[in-house]
Amino acid sequence: TGPMSLECLGNLLRITLTVEYFEDKYLSLFVVDQSGTAWELDGAMAAQCGYTVTYTTRRIIEFRASALSCHSHLEKDVFTVTIQIKTSHTPDMSNATTLLKSASCHYGPWSPRELICESNYMEVSVRREIPQTIKDFVQDEPEDWALVFPEAKAEEASIWQIVFHQPEEKRALLVSNAWSAGYGLNATGSRVLLRVPYTAAHVQLVEVGVLLLAQQAARLCRSNRMPFLQDQGITFSVLRSSTFYKYQWVILMLDTAMACPVDGVDYTNKTITWTVPKYIPPLSAGMTSFKDVLVEAGVDLRKLSAKEMASRKYVLLNELNTITMKIPIGAEGGYYKTSVSNGQLGVKYTINLFLEHQWEDNKWRLTKHTIIKEIETPFEQTEVAITNNLNLSVRLMNVTVGTFLPDAELVNLTIGGVAVAVPEAVQHGYVIHKTRYANGSKAYVIEVPLDAPGVKKEYMREDMRAYTLNVTLTFITYPSSETFVVPVIALSAVKDAVLPSARGFCDGRNLHLIITHGNVDQNWLPFISDWHLTQEAAQKYNYILRDNGTHLAISVPFLSPHVSYEGFHTSAIKASFYLTLKDGITLVRRRDFSVSCIFSPSELIQCLPNGTVIVTAIKLVGGEDLDTAQLVLRDRQCKPSLVTEKAATFKFNVNTCGTSRKFNSTTMTYENEVLYFRPGNDTPIYQLKFLCSYAVKQTADVRYESKKNPPSSIKPGFGCLALSLKLFKEKSYSEPYQESEYPVVKYLREALYFEVELLQPKDARLDLNLDDCWATNSQSQDRLPQWHILIHGCQNNKDSYRTVFHKVNYSLRVKFPQHLKRFEVRMFTFVQDTSLLQE
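Rules and cut-offs
By convention here, each chain's residues receive numbers from 1 onward along its written sequence. Where local features are concerned, this predicted model is filtered to residues with pLDDT of at least 70; where side-chain atom pairs are given and counted, the filter is 80 or more; whole-chain, interface and lining totals use all residues. With hydrogens and water set aside, each side-chain value is computed from the structure's full complement of heavy atoms. For helices the rule is a DSSP run of H or I covering at least 4 residues; for strands it is a run of E covering at least 2, with both sets numbered from the N terminus onward. Each residue's exposure class comes from its accessible area (1.4 Å probe, protein chains only) as a fraction of the maximum for that residue type: buried when under 20%, exposed when over 50%, partly exposed otherwise. Note on contacts: a residue pair is in contact if any heavy atoms of the two residues lie within 4.5 Å. Per-residue and other accessible areas were derived by the Shrake-Rupley procedure at a 1.4 Å probe size, with only the shown protein chains allowed to occlude residues. Any two strands with at least two DSSP bridges between them are considered paired. For this analysis, a nonpolar core means a set of buried residues of the types Ala, Val, Leu, Ile, Met, Phe, Trp, Tyr and Cys, connected via side-chain atoms within 4.5 Å. Side-chain rings of Phe, Tyr and Trp, where Trp is taken by its six-membered ring, are said to pair if the distance between their centres is within 6.5 Å; with planes under 30 degrees apart they count as stacked, over 60 as edge-to-face, and otherwise as tilted. For a Lys NZ or an Arg CZ to count as sitting over a ring, it must be within 6 Å of the ring centre and within 35 degrees of the ring normal. Each axis is a line fitted through C-alpha atoms, and for a helix only the stretch in contact is used; angles between axes span 0 to 180 degrees, taken between their N-to-C directions. Within a predicted model, pLDDT stands for the predictor's per-residue confidence, ranging from 0 to 100. The term disulfide is used for any two cysteine sulfur atoms that are within 2.5 Å. In what follows, salt bridge is the name for a side-chain nitrogen of Lys or Arg lying within 4 Å of a carboxyl oxygen of Asp or Glu. Polar contacts, as counted here, are pairs of nitrogen or oxygen atoms within 3.5 Å of one another; within protein the pair requires one atom able to donate a hydrogen and one able to accept it, and residues that are adjacent in sequence qualify only if both atoms are side-chain atoms.

## Here's the deal with the overall build of the protein chain
- Scanning the protein chain from terminus to terminus reveals seven helices and 65 strands.
- Counting every position in the protein chain, which comprises 839 residues, the buried fraction comes to 45%.
- Taking all contacts inside the protein chain whose residues are at least 6 apart in sequence as the whole, residues at least 24 apart take part in 59%.
- On the protein chain, roughly 45500 Å² of surface is accessible, and the fraction owed to carbon and sulfur atoms is 51%.

## With respect to the pairing of strand β52 (residues 647–653)
- Among the seven residues in β52, five count as buried, and that is most of the element.
- The sheet contact formed by strand β50 (residues 612–618) and β52 spans seven bridges and is antiparallel. By the bridge assignment for β52, V613 is matched with F652.
- Between the end of strand β51 (residues 642–643) and the start of β52, which pair antiparallel, lie three residues.

## Some details on the nonpolar core
- If you look at the biggest cluster of nonpolar residues, it comprises 57 residues, and the most contacted ones within it are Y183, I327 and I351.
- If one sorts the elements of this core by residue count, strand β28 (residues 344–361) sits on top with five residues.
- Ignoring sequence-local partners within four residues, the contact set of Y183 consists of Q48, F164, A178, L194, R195, V196, A200, A201, H202 and L239.
- Core analysis: the next-biggest nonpolar cluster, separate from the first, contains 31 residues, L513, Y565, A575 and C597 among them.

## What about the packing of aromatic side chains?
- Evaluated as defined, the whole model comprises 23 aromatic pairs.
- One aromatic cluster is present, built from ring pairs that chain together F404, Y444, F475 and F484.
- A cation over an aromatic ring shows up here: R195 above the ring of Y121, its NZ or CZ 5.8 Å from the ring centre.
- Over the ring of F527 we find K582, and its NZ or CZ is 4.7 Å from the ring centre.

## Regarding the sheet that holds strand β41 (residues 510–516)
- Ordered by their spatial adjacency, four strands build an open sheet running β40-β41-β45-β44, and the pairing between neighbours is antiparallel. The open sheet is flanked by β40 (501–506) and β44 (544–547), the only strands paired with a single partner. Across the sheet, the mean angle from the axis of one strand to that of its neighbour is 10°, orientation sign disregarded.
- Strand direction decides the pairing type here: β40 and β41, joined by six bridges, are antiparallel. Across the sheet, residue R503 finds its bridge partner in β41, namely I514.

## What to know about the confidence of the model for the protein chain
- Confidence along the protein chain averages 85 in pLDDT terms, with 90% of residues attaining 70 or more.
- The model gives residues 137–157 a pLDDT under 50, and that stretch makes 34 contacts with residues more than four places away or in other chains.
- The model gives residues 221–231 a pLDDT under 50, and that stretch makes 19 contacts with residues more than four places away or in other chains.

## Observations regarding the sheet that holds strand β17 (residues 233–239)
- The three strands are arranged β16-β17-β20 in an open sheet whose pairing can be described as antiparallel. At either margin of the open sheet sits one strand with a lone partner, and together these are β16 (204–209) and β20 (258–261). Adjacent strand axes in the sheet meet at a mean angle of 35°, parallel and antiparallel pairs treated alike.
- Where β16 lies against β17, six bridges are found, and the strand directions are antiparallel. Bridged to G209 within β17 is G233.

## Quick word on the state of the cysteines
- Tallying each qualifying case throughout the model produces six disulfides.
- With its sulfur 1.7 Å from that of its partner, C607 forms a disulfide with C692. Measuring handedness by torsion sign, the sulfur bridge of C607 and C692 sits at about -75° and is left-handed. Highlighted residues: C607 in strand β49 (residues 605–607) and C692 in strand β55 (residues 686–695), separated in sequence by 85 residues. We note that C607, like C692, is buried.
- The cystine pairing of the protein chain, numbering bonded cysteines in sequence order, is 1-4, 2-3, 5-6, 7-8, 9-12, 10-11.

## Focus on the side chain of D583
- As for its placement among the helices and strands, D583 is situated in strand β47 (residues 573–583).
- Those residues in contact with D583 that lie beyond four places of it in its chain are N523, W524, V588 and R590.

## Quick notes on the environment of S665
- Along the chain, S665 turns up in the loop between β53 (660–663) and β54 (667–676).
- Taking the C-alpha atoms as reference points, S665 and A695, separated by 30 residues in sequence, lie 9.4 Å from one another.

## Overview of the pattern of salt bridges
- Overall, the coordinates contain 31 salt bridges when judged by the stated rule.
- Here D292 ties to K278 by a salt bridge, and the two come within 2.4 Å at their closest N and O atoms. One end of the pair, D292, is in strand β23 (residues 290–299); the other, K278, is in the loop between β22 (271–277) and β23, and 14 residues separate them in sequence.
- Its relative accessible area of 27% is what places D292 among the partly exposed residues.
- The partner of E356 in a salt bridge is K303, and the shortest N-O contact between them spans 3.4 Å. On the criterion of sequence distance, the pair formed by E356 in strand β28 and K303 in strand β24 (residues 302–303) is long-range, its members being 53 residues apart.
- Given a relative accessible area of 41%, K303 falls into the partly exposed group.

## Notes on the environment of K278
- Judged by relative accessible area, K278 falls into the buried class, the value being 4%.
- The spacing of K278 and H369 is 91 residues in sequence and 10.0 Å in space, taken between C-alpha atoms.
- K278 has contacts with F290, D292, N318, E319, L320, N321, T322, I323 and H357, leaving out every residue within four places of it along the chain.
- In this structure the side chain of K278 is engaged in a polar contact, spanning 2.5 Å, whose partner is the side chain of N318.

In structure tokens, the structure reads:
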């Protein structure tokens, strides 16, 4: 019981070490002889000396020793085996823990001939007949036989040599040479033993037909009835040998042939069928009679009764020529183990069958043939179940992989092409749990945060994001050390997508679009139609493109190739700029943004004092087929001096190109128009009138085809007006200082940008005019000192840095430009005598 258990199973001793004893340790096994010397056990020594060590998938180490193993002590009918076990946490076995264990088993009575077919060796032991001794015989010459075993030296009789019977020749080896070749030989007071590994040089593979065995059986049983059997071959490992030993002056010879079945297993209808012939020619030489005595079978060296076999649905058939066992695949007594074939995961059912056949014949009287047969079914591929459970409350992917058999162990994960051992996976955000079930199987649970580096995030649609876990699990099987991988791809859809948003505005000459990044557009690229807007491309058109990680800002001039124009009126032009964000890999359209602003037509015309007029005609939305190079003035010989895809610029003198003029008492007005004709048609389909008005001594206001509205009727009166005074950060008047930013600190002579706005009423007939504006260093507007910034609506001529007025244009924010006044003042401080007033 406990980590080590002992069992006596006939002529075999079994010692079992469970996983608790050797897990996570390095282990060495030794066999201790009668003198106390410990011999380390390896594969060759085990097969030569009668030991078997197996590492099973049930996480146990099983050690078996034959009653006549090299180092066992045999006394009467009791054999004793002593083993030494060393365990250490380091491969050099330093600081090893040593355990010494002796076990004795009673075995008897011995049959004249006993054969064992173990998994790694064949063994035969035969009773030797002792002839009558010659009285007073004295041997006067020293022994010249090579004595190997201590047991043989202590006996009067010892093995001399062994002769192997090969099909083409016979070959004799002295004991010392046979031992060097891997054979195990021994002699006790009553028995001679020969043990041979299956891989020994003189072992032959012999195929024996069942029909031939039936004929032999019929002859031995003296039956006149010959059964008809199909001749199917069963392969045996066979060693035909004769062993010679000396007894005083007599040389005695014993038949030490042995044979063990290699195959004879069939898998049909989910059943294992194991067939063993009763009559094996190498073991039947010289026999003239045969009689069954006993046939018993079992599992793991334990014999099962007929009732136990029936409960497990085992079938044992003792027929005339053969012994057959039938075991349902998956039946109690066997177990499934993990198997790998061409990288594919599967299972094999394994069962360790045990068969003992005893028979009587005229040559040996009684023979006991014990066969230990580990049977493994063919590879059967299996699929690994992968279950994905999403815990949104903690943003965690919970993936269950498996189940797996107990002999498979997860050793590492491959995350993003990098292999990571299981204990280190937590550093990458992966937490791995093992779930064990009652039948010994297990599953692995992988917990990964949605924001872990190894989880791929991808935008799906609307507010959905797809989270993909792509990790490869590497497993190893025990004890076979086969490896296999399980790719785990788990997909979860989560409603957590934040799409990019945008705000747009304009100043007097530019359209601005500021896009606030979301959490899905890391790889989205800005496009204008099908044109990728890169930093280099923006510079080509004098666009400004900036990205600080949280915002993408684009500024384009009013007159630029990628601005669209519509809604052309005498006082306003609507200009629009469109931007598309596309997926950087698939180039699928993800998000469209635009900014539209109202610009003054004065942006398109310059009336210079010397009489030169520069006018720009723009292509409107809906006139895409218009060729700007074909635009002309009234005099069709006047063509544009600069042409782009969307605009044409004319530069001419007011006295040319068909310009007309009008006079009144104070102004002189010049008028012309830009025209577009289709070929062969004298009616223009595009007509843009413009005019320049000059005062007698100065340049007049510029307007596009203004209507002469009747003058407003103005009456003096009283009413409530709502006004605001704001300080802005820049000349663009796009961002005012907020309350939380006051007091605002400025250096001397820095510009201050003020805006006064009429908030109520919103009446287009009202104009706001500023009369007097002054500054004081007090919270009260009436306190002294005071300095006037505006006097009767004009600059203070006494000021070294005079107030500058800024024109107010129509925009999305400014619906009534006449309701606003903007002016710029240089920063100053008050001085009293020679002292600065710090308030």
